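Notes for the structure review
In case you want the letters, here they are:
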Amino acid sequence: MTDGTQDVLGLWLRANEGPIFWAKVLSDLRNCGVQDILLAVVDCLMGFPLSIEAFVGQTRHWRLC
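Summary of the structure given here.

The rules we used
Residues numbered from 1 in each chain as written. Predicted model: local features only at pLDDT ≥ 70, side-chain atom pairs only at ≥ 80, totals over all residues. Heavy atoms only, no water. Helix = DSSP H or I, 4+ residues; strand = E, 2+ residues; numbered from the N terminus. Buried < 20%, exposed > 50% of the residue type's maximum accessible area, 1.4 Å probe, protein only. Contact = heavy atoms within 4.5 Å. Areas by Shrake-Rupley, 256 points an atom, 1.4 Å probe, with all protein chains shown as cover. Salt bridge = Lys/Arg side-chain N within 4 Å of Asp/Glu carboxyl O.

Regarding its fold elements, the protein chain presents two helices and two strands. Along the protein chain, helices and strands appear, N-terminal first, in the series α-β-α-β. Relative to its 65 residues, the protein chain shows a buried fraction of 31%. Long-range pairs, those at least 24 residues apart, make up 30% of the contacts in the protein chain with a sequence separation of at least 6. For the protein chain, the accessible surface area stands at approximately 5,100 Å², while carbon and sulfur atoms represent 56% of it.

Next up, the structure:
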């Protein structure tokens with residue numbers, strides 16, 4: 001949001017994570033109207049890089065681990 005407000009788009013809980021889980025999260029975000037993700041900073045999320053590239057190929061992502 002450009003006016004400084006923030007929205008919570010969802011909350012996902014799972015015992016373990018992988019590409020299928022992150023693909024579902026990103027699909028849910030797309031269904032909420034998210035069209036682009038400019039930057040993703042993650043902490044060793046398994047499967048996230050592949051899923052984010054499939055969602056939007058030009059998202060920059062850094063792994064902090």
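Enumeration over the complete set of coordinates arrives at one salt bridge. Measuring nitrogen to oxygen at the nearest pair gives 2.8 Å for the salt bridge that ties K24 to D28. Of this pair, K24 and D28 both sit in helix α1 (residues 19-31), four residues apart, roughly one helical turn. Judged by relative accessible area, which is 19%, D28 ranks as buried.

The values reported here are purely geometric and, on their own, carry no functional implication.
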